[in-house]
Amino acid sequence: MAIVNSLIKKFDKDDFALIENNSDVECIKVSKEKFLEIIVYLREDKEMYFDYLTCISGVDNQEDGTFGVVYRLYSIPFDRHLDIIVEVNKTEKNELTEAISSISKYYRSANWMEREVYDMYGIPFEGHPDLRRILMPSDWIGYPLRKDYSTSEKYHGITIDFESEA
Amino acid sequence: MNNTKNHIGKKPKIQYQFDDSHLNKSEPSRYDPSLLKREEMLINIGPQHPSTHGVLRLETLLNGEYIVDVVPHIGYLHRCFEKHAESLPYNQIIPYVDRMDYVSAMNSEHAYAMAVEKMLGISSQIPKRVEYIRVLVAELNRIASHFVAIGTYAVDIGAVSPLLWMMRDREHILRMLEWICGARMLYNYIWVGGLYYDLPIGFEEKCIEFINYLKPKLSEVDRLLIENKIFVERTANVGILNRDLAINYAASGPVLRGSGLRFDLRKVDAYSVYPELEFDVPIGKGEMGTTGDCWDRTWVRAQECKESLKIVEQCLNRLQNDYKRSKDFDPREFCPKKIRPKEQEIYFRAENPRGELGFYIKSDGKSDIPLRCKARSACFVNLSILPEISRGSLLADLIAIVGSIDIVLGEVDR
């Protein structure tokens, strides 16, 4: 709770919400607008010192109609973790969602991790230096890890659906 | 060709017809050759080139012999691990986890099994013998994995004999692991809640024999390769990654330790039975050049082999004395028949030979399949450092730098 308490002192209470997700790590949900400010505070502040961005993963929250992006921060000197969730509204199939601020300026590891989320979920990151697809081909249609994703039938003339081959 | 029929009387289908635009559309280059300055040159390395350790394409912008920028293009070995994992029960994901990092599958399995056990809350129930066997096989696999890393790195640099030596000794490890579970590289041995089988009878004795054989071989490697003058000249002061940059790039494993930070998850998170085992964490000190250069990273790997050997020895000692083989020991006793964790999100990380392998798993509490299973791969993150540390160095050094990061493209692309 130490982290959340000092966040309450620093920021408005409406900017973030504590999430209970049965894990042993504190988890907060942050609004898109305040996200960058909070990240910078968590990184720069001497008592927070979250210097290691471990992992960014996108999540498709089916019922809520949102996509979540989960940032796992780690502080090497204090040995503690923090999960930060940012949510964006779902859009039509194969369409990009609203943008989230890129944090690759502060954590350079975010560069490729954000590209991966963009590739798999179609969530653009504002201010990213080089936002391209990373694992899928550049001309791939759709965002594969969305739950409503359906495989396209052909790619460069190659039939993908192997059942129709017979 | 179109009109001829094949032997079953069907017209053969043309599966794919090459078109020049396909390549450009699917993976376009970052730099436009027509916009380059006069002295600049664009060179494409890979995706099929032995020194890229798999299918990695490096688009290299050169100024004479010097590197201006490197753009790695990855994804050629993307096998949709995360998408597959969203349609499979937890225990059936393990073979897919094997295929991510196929050089050290045991370590990946161990991490995944521990992650799911943590979700189920059965971590404390796992018998000690099971845990010791897990650590034993994982450390054996770590040695084998480092042998591949060091051996292929030597070939990148231009020395062929170390590879043959390392492969010879690695083969012994693979044979032993094959004896345990029947597969050389993709084991499916560590299950959620237990193991596939107990160790075969006589394994401990053979393993001790192997350790006694391997110990002098490791110091041979030091003399043959690591301290070799040619090797040192080729790798010292090349591809320097300082500590702050390494942390900022979230580097892990030997890449981070080579930069001089004593950070090993086996010590930091103290998972499994590692707190009961004694071993050191070697870090790069810049003995031959600057801290964080290619030589430091390789030296750390060579030292870790020795530390792993210590762990293997201790595990065998415990398995022969404290947690002996007995008739009523069933390694599958605590394997749950049905894996249905409660609604939660967890992130579990473990130290792989290449760095931090993490699993972010989200379950909804209603089904046997995960809602989301993300693998945070160490190679993927470590590879993103490549442009930063290779700028300004020679083209020949780029190969040395790529090799020193020790990537497995199966894990980069997943």
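Residues numbered from 1 in each chain as written. Chains lettered and ligands numbered in written order. Predicted model: local features only at pLDDT ≥ 70, side-chain atom pairs only at ≥ 80, totals over all residues.

### Points about the interface of chain A and chain B
And then number 1: Taken together, the 30 residues of chain A in the interface contact 36 residues of chain B.
And then number 2: Those elements that place two or more of their residues in the side of chain A that touches chain B are β3 (52–61), β4 (66–75) and α3 (110–121) of chain A.
And then number 3: If you tally residues by element for the side of chain A that touches chain B, the top one is β3(A), at six residues.
And then number 4: Residues that form the side of chain A that touches chain B fall into these classes: 15 nonpolar, ten polar and five charged. (Contact = placed C-beta atoms within 7 Å. Helix = DSSP H or I, 4+ residues; strand = E, 2+ residues; numbered from the N terminus. Nonpolar A, V, L, I, M, F, W, Y, C, P; charged D, E, K, R; others polar.)

### What about the nonpolar core?
In a soluble, globular protein the nonpolar side chains are often hidden away together inside.
And then number 1: Core analysis: the biggest nonpolar cluster contains 149 residues, and V69(A), Y112(B), A115(B), V137(B), I150(B), F359(B) and I401(B) have the highest contact counts within it.
And then number 2: No other element matches the 16 residues that helix α5 (residues 128–157) of chain B contributes to this core.
And then number 3: Contact partners of V69(A), with chain neighbours within four places excluded, come to I56(A), G58(A), V86(A), I100(A), V117(A) and I123(A). (Core = buried A, V, L, I, M, F, W, Y, C linked by C-beta atoms within 7 Å. Buried ≥ 20, exposed ≤ 12 C-beta atoms within 10 Å, placed from the backbone.)

### Section: the environment of L256(B)
All names here are of chain B.
And then number 1: Along the chain, L256 turns up in helix α10 (residues 254–258).
And then number 2: Here the alpha-carbon distance between L256 and G292, two residues 36 residues apart in the chain, equals 8.1 Å.
And then number 3: Sequence-distant contacts of L256, defined by excluding residues within four places in its chain, comprise A246, A251, L261 and F263.

### Considerations on the packing of helix α12 (residues 294–321) of chain B against helix α15 (residues 395–405) of chain B
All names here are of chain B.
And then number 1: One can describe the packing of α12 onto α15 by two numbers: an axis separation of 9 Å at closest approach and a directional angle of 30°. Overall, the two elements α12 and α15 adopt an arrangement that is roughly parallel. Our pair here, α12 against α15, has a crossing hand that is left-handed. Every residue of α15 that contacts α12 at C294, R297 and T298 is listed here: A400, I401 and S404.
And then number 2: Here the contact of α12 with α15 is composed, by residue class, of three nonpolar, two polar and one charged. (Axes fitted to C-alpha atoms, helices over the stretch in contact; angles between N-to-C directions. Parallel < 35°, antiparallel > 145°, perpendicular 65-115°, else oblique. Left-handed = near helix turned anticlockwise from the far one by under 90°.)

### Considering the pairing of strand β5 (residues 80–89) of chain A
Residue and element names in this part refer to chain A.
And then number 1: Burial analysis of β5 places seven of its ten residues in the buried class, the great majority of the element.
And then number 2: In this sheet, β5 lies alongside strand β2 (residues 27–30) in parallel orientation, the contact comprising four bridges. Following the sheet pairing, I28 is matched in β5 by I84.
And then number 3: What sits between β4 and β5 in their antiparallel hairpin is a turn of four residues, with D79 showing a positive phi close to 50°. (Pairing = 2+ DSSP bridges.)

### So, the confidence of the model for chain A
And then number 1: Taken over all residues, the pLDDT of chain A has a mean of 83, while the share at 70 or more is 95%.
And then number 2: Within chain A, helix α1 (residues 2–10) of chain A has the poorest average pLDDT of any element, 74, and α3(A) the best, 91. (pLDDT = per-residue confidence, 0-100.)

### Notes on α15(B)
And then number 1: Of all eleven residues in α15(B), nine are buried; the element is thus mostly enclosed.
And then number 2: Backbone geometry just after α15(B) places D406(B) at a positive phi near 60°.

### Considerations on the pairing of strand β5 (residues 66–73) of chain B
All names here are of chain B.
And then number 1: As paired strands, strand β4 (residues 57–63) and β5 are joined by seven bridges and run antiparallel to one another. Bridge pairing in β5 places T60 opposite V70.
And then number 2: In this structure, the hairpin formed by β4 and β5 is closed by a connection of two residues, where G64 is found at a positive phi of approximately 65°.

### Observations regarding the sheet that holds strand β1 (residues 40–45) of chain B
Paired through their backbone hydrogen bonds, the strands of a sheet run either parallel or antiparallel.
Residues and elements named next belong to chain B.
And then number 1: Taken together, three strands build an open sheet; the order of strands is β1-β4-β5 and the sheet is antiparallel. The sheet terminates laterally at β1 and β5, the two strands that pair on one side only. The mean inter-strand angle of the sheet, taken between neighbouring strand axes irrespective of direction, is 20°.
And then number 2: Two elements, β1 and β4, share six bridges in a ladder whose sense is antiparallel. Of the residues in β4, the one forming a bridge with I45 is L58.

### Thoughts on the environment of P77(A)
And then number 1: Following the sequence through the fold, P77(A) ends up in the loop between β4 and β5.
And then number 2: The spacing of P77(A) and Y49(A) is 28 residues in sequence and 7.8 Å in space, taken between C-alpha atoms.

### Side note on the packing of helix α7 (residues 203–226) of chain B against α12(B)
All names here are of chain B.
And then number 1: Contact geometry of α7 with α12 gives a least axis separation of 11 Å together with a crossing angle of 165°. One way to sum up the angle between α7 and α12 is to call them roughly antiparallel. Handedness of the crossing formed by α7 with α12: left-handed. Between α7 and α12, the residues in contact are E204, C207, I208, I211, L214, K215, L218, V221, D222 and I226 and T298, W299, A302, C305, K306, L309, V312, E313, L316, L319 and Q320, respectively.

### What to know about the confidence of the model for chain B
And then number 1: Taken over all residues, the pLDDT of chain B has a mean of 88, while the share at 70 or more is 98%.
And then number 2: Reported for the predicted complex are a pTM of 0.90 and an ipTM of 0.88.

### A closer look at unusual backbone geometry
Residues apart from glycine generally show negative phi values, whereas peptide bonds are mostly found in trans.
Residue and element names in this part refer to chain A.
And then number 1: Positioned with a positive phi, D79 is a non-glycine residue whose angle comes to about 50°.
And then number 2: The topology assignment puts D79 in the loop between β4 and β5.
And then number 3: Phi is positive for N94, which is not a glycine, with a value near 65°.

### Points about the sheet that holds β5(A)
Residue and element names in this part refer to chain A.
And then number 1: Read across the open sheet, the five strands follow the order β1-β2-β5-β4-β3; overall the sheet is mixed. This sheet does not close on itself; its edge strands, each paired only once, are β1 (16–18) and β3. The mean angle between the axes of side-by-side strands here comes to 25°, regardless of whether they run parallel or antiparallel.
And then number 2: Against the sheet, α3 engages β3 and β4, with an angle of about 10° to β3.

### Here's the deal with helix α2 (residues 32–44) of chain A
Residue and element names in this part refer to chain A.
And then number 1: Along its 13 residues, α2 runs 19 Å from first to last C-alpha, staying within 8% of the 18 Å computed at 1.5 Å per residue.
And then number 2: Every buried residue of α2 is listed here: F35, I39 and L42. Projected down its long axis, α2 carries its buried residues within an arc of 70°, all on one side. Across from the buried face of α2, at angles greater than 90 degrees, the exposed residues are E33 and E44.
And then number 3: The secondary structure elements touched by the buried residues of α2 are β2, β4, β5 and β6 (100–101). (Expected span 1.5 Å × (residues − 1). Arc of directions from axis to C-beta.)

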